[in-house]
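# Commentary on secondary and tertiary structure
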Number of protein chains: 2
Amino acid sequence: MITRWGILGCGHISGDFVESLKLLSDGHKVVAIAGRCRERVNEFAQKHNLCDVNLYYDYDSLIDEEKADVLYVGTRNHTHFELVMRALDAGKAVLCEKPMGLSQDQVKAMIEKAKAKSLLLQEGFWSRFFPVYKDIRRLLDSNAIGEVKIIQADMGFPIMASTERLSKKEYGGGMAFDVGCYLVQFFVLVFGADAPIEDIVVNGWTSGPDNLDDSASITIMLEGNRMAQLLYSGSASLGARAQICGTKGRIDIPELFFCPNEYNLTVLPTNTFMKSVSKKVTHPPTTNADPKAFHFGFTHGLVYEAEGVRRALVEGNIECPEMTHNESLKVIELLDRIRQKIYG
Amino acid sequence: MITRWGILGCGHISGDFVESLKLLSDGHKVVAIAGRCRERVNEFAQKHNLCDVNLYYDYDSLIDEEKADVLYVGTRNHTHFELVMRALDAGKAVLCEKPMGLSQDQVKAMIEKAKAKSLLLQEGFWSRFFPVYKDIRRLLDSNAIGEVKIIQADMGFPIMASTERLSKKEYGGGMAFDVGCYLVQFFVLVFGADAPIEDIVVNGWTSGPDNLDDSASITIMLEGNRMAQLLYSGSASLGARAQICGTKGRIDIPELFFCPNEYNLTVLPTNTFMKSVSKKVTHPPTTNADPKAFHFGFTHGLVYEAEGVRRALVEGNIECPEMTHNESLKVIELLDRIRQKIYG
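Along each chain, numbering runs from 1 in the same order as the chain's sequence is written. Note on labels: chains are lettered from A, ligands numbered from 1, in written order. Local features in this predicted model are restricted to residues whose pLDDT is 70 or higher, and side-chain atom pairs enter the listing and the counts only when it is 80 or higher, whereas totals over whole chains, interfaces and linings include all residues. By convention in this description, side-chain values take in all heavy atoms of the structure and omit both hydrogens and water.

## A short note on the overall build of chain A
Operational definition: Numbering goes from the N terminus for both helices and strands, where a helix is a DSSP run of H or I of at least four residues and a strand is a run of E of at least two. Residue burial considers only the protein chains on display, and all accessible areas are found by Shrake-Rupley using a 1.4 Å probe. Charge assignment: positive for Lys and Arg, negative for Asp and Glu; neither His nor the chain ends contribute. The location of each charge is read from NZ of Lys, CZ of Arg, CG of Asp or CD of Glu.
In terms of regular secondary structure, chain A is built from 10 helices and 14 strands. Referenced to the eigenvectors of the C-alpha coordinate spread, the extents of chain A come out at roughly 65 × 45 × 40 Å. Counting only carbon and sulfur atoms, one obtains 46% of the accessible surface of chain A, whose full area is about 13,300 Å². Here chain A carries 38 positive and 44 negative side-chain charges, and the mean point of each set is 3 Å from the other.

## Details of the confidence of the model for chain A
For clarity, the threshold we go by: For every residue, the predictor states its confidence as a pLDDT score lying anywhere from 0 to 100.
Looking at chain A as a whole, its pLDDT mean stands at 95, while 99% of the residues score no less than 70. Quick note on the complex model: pTM equals 0.96, ipTM equals 0.95.

## Observations regarding the UniProt feature "domain: GFO/IDH/MocA-like oxidoreductase" (unreviewed entry) in chain A
Threshold: UniProt positions are given in the numbering used here, feature names are shortened, and annotations may be inferred rather than shown by experiment.
With numbering aligned to this structure, UniProt lists the feature "domain: GFO/IDH/MocA-like oxidoreductase" (unreviewed entry) at residues 133-251 of chain A. Along residues 133-251 of chain A one finds 25% helix and 39% strand; the C-alpha atoms at either end are 11 Å apart.

## Section: the relation of the copies chain A and chain B
So the rule is basically this: In superposing the copies, a least-squares fit is computed on C-alpha atoms, taking residues whose pLDDT is at least 70 in both. Any pair of residues with heavy atoms lying within 4.5 Å of one another is described as a contacting pair.
When chain A is fitted to chain B, the residual RMSD is 0.0 Å, and the transformation amounts to a turn of 180° plus an axial shift of 0.0 Å. In the structure described here, the two chain copies are related by an operation that fits a two-fold rotation axis. Of all interface residues in chain A, 100% are interface residues in chain B too; the two copies therefore contact each other through one and the same surface.

## Considering the pairing of strand β12 (residues 249-253) of chain B
Note on strand geometry: in a regular strand, side chains alternate between the two faces of the sheet. Residue and element names in this part refer to chain B. Rule in force here: Burial classes: relative accessible area under 20% of the type maximum marks a residue as buried, over 50% as exposed, and values in between as partly exposed (1.4 Å probe, protein chains only). A pair of strands is considered paired only if DSSP assigns at least 2 bridges between the two.
Burial of β12 is extensive: five of the five residues sit out of reach of the surface. Neither face of β12 is left uncovered, since the one carrying G249, I251 and I253 and the one carrying R250 and D252 both have all their residues buried. Strand direction decides the pairing type here: strand β11 (residues 242-246) and β12, joined by four bridges, are antiparallel. Note that in β12 the partner of I244 across the bridge is I251. If you look at the hairpin formed by β11 and β12, you'll find two residues sitting between the two strands. The sheet contact formed by β12 and strand β13 (residues 262-267) spans four bridges and is antiparallel. Each bridged residue has a counterpart across the sheet, and for G249 the counterpart in β13 is V267.

## Focus: the pattern of salt bridges
Where charged atoms from two side chains of opposite charge approach closely, those side chains can pair. Under the convention used in this document: Think of a salt bridge as a Lys or Arg side-chain nitrogen and an Asp or Glu carboxyl oxygen that are within 4 Å of each other.
Under the counting rule described, the total for this entry stands at 43 salt bridges over all chains. Ionic pairing is found between E164 of chain A and K168 of chain A, a salt bridge with its closest N-O pair at 3.4 Å. We classify K168 of chain A as partly exposed; its relative accessible area is 24%. A network of salt bridges, in which partner residues are shared, links R241 and E255 of chain A together with R250 and D252 of chain B.

Shown next, in the form of structure tokens:
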């Protein structure tokens, strides 16, 4: 059985997603593309050699496309809620780019509808589908670094001033939705969706014509003397690394932690902290990818996400174990709280 | 002219310091050692092959030792103030391990006395003397990464519970004095001693019988939408990395940022953030060091500090440009503020 994809939105991320699907051509096929601008849709189809697919110049037509098993929503943030709700109403499974919605209310409504309709609804946190993230879950489950006391992660690019969709409120802009969400999903990965949060402290600044969140330092305090320190920015270049710090060692995910090919496991000796044992584990990226075909330099890792969604569809699940509905709800709850603190 | 050193304290760091001096044997000579425990002093002299030096079993005798040009104070934190004041009174130049004092009042008094006596007084922030730190100063001065918006640094070892001097108030314990000070000097290095601070936010926890500061997440907000995010811990293993994040690029100092042999300079292109140019710069550690002679695995970098102090002495200066009195005052002021916030 081939998974037949319909693509909503003709931006860079949609382009990279269809290039990733080509790397999985035996199980996946793009059957339709939709965008609001006829020229962009045609250009998109040509650029990605998708001449045999149905092209639509409005989203509703693609949502009704009978050939498509699952819709990929790669449009701007502010459009996700309406498109996903319409897609679910039309009986379509959905993979929606993060952030799935702009508020807890939106995400709750989307998940409720998916459950009511028994349709797959998956937030596109592609990080979770990388082999490195799966290794990390296993390591944490096996207590490899003792009790996790602290996690730290950062991510930032000086792009807010120059990127319209990030600096405009009407497009669901602000850096929390764009990069902060990666930090928050990492927090939820390590400490769980039911983490006993004592306090969230946020300091940073807004920028641009709509005063949207630009940079933030976030400390999340947990019961039992544990905490997370997160940092994001839309006005400076950050290393995008993460570390999970335990009483007996550490897991480091080097640049770029949100789509990693490797990690380092450091295990402390019991006698002194000076002679740790470090092990670097590498998962080479998909080898047959042509980086030139991709807009972003690293997005062929979307193959892991596409395969995860296919697995869920084949097995008849409405969410992927890699990133569950419950986790999506926790991520948006935390993003709501963080954004409220920035906006005051 | 040979710089003749008197060593106060026979702990691990003093041992590594004298091993470093051996690597500089043409300009430096250890002439005396003092400790309060006769057995430890004798053991120390034997272990480090210092049979021809004067051994003292009280600090006053060494302070009065005429042969010594400069005293290295490597004793526990709580003894620094008294020993440094006595040494200056006796007309001796001093290199004192960090933290020089336990409060602003102490450090101010020490510096005032050094000035009054025209004697060198240097806080032992060895990091500052590494070639990597000197490169970083030059890069920042030359605007290599644009405007610095954010810095981030972390450092931690799960050692507080098992290390008496860290968990006891009477010894000047707590992790701010042990590792937090490295983060703070890094802040002062990048933003300067006159950085216009708007707010300091601290969250963390205390531990041990004396409830001393164990772990802390620190955000320092500066005028002009800039900030520092610092993280230290005495109960978890942290990577000890630092990054300086600018509008046009980034300087990364990998593990261990407080005694680094290398750094990475990333310069962003002007058109897109995806194709940065990264350059790794390595300063190999002193090659003739035998790591087995050192307690800590990396302390032969103390040679840079010893050479810096010798330069200042030869030139007749009372402070080193690598870490000035003004900077020492700023570090202790910030440590005071941070510790007050932790203790509430």
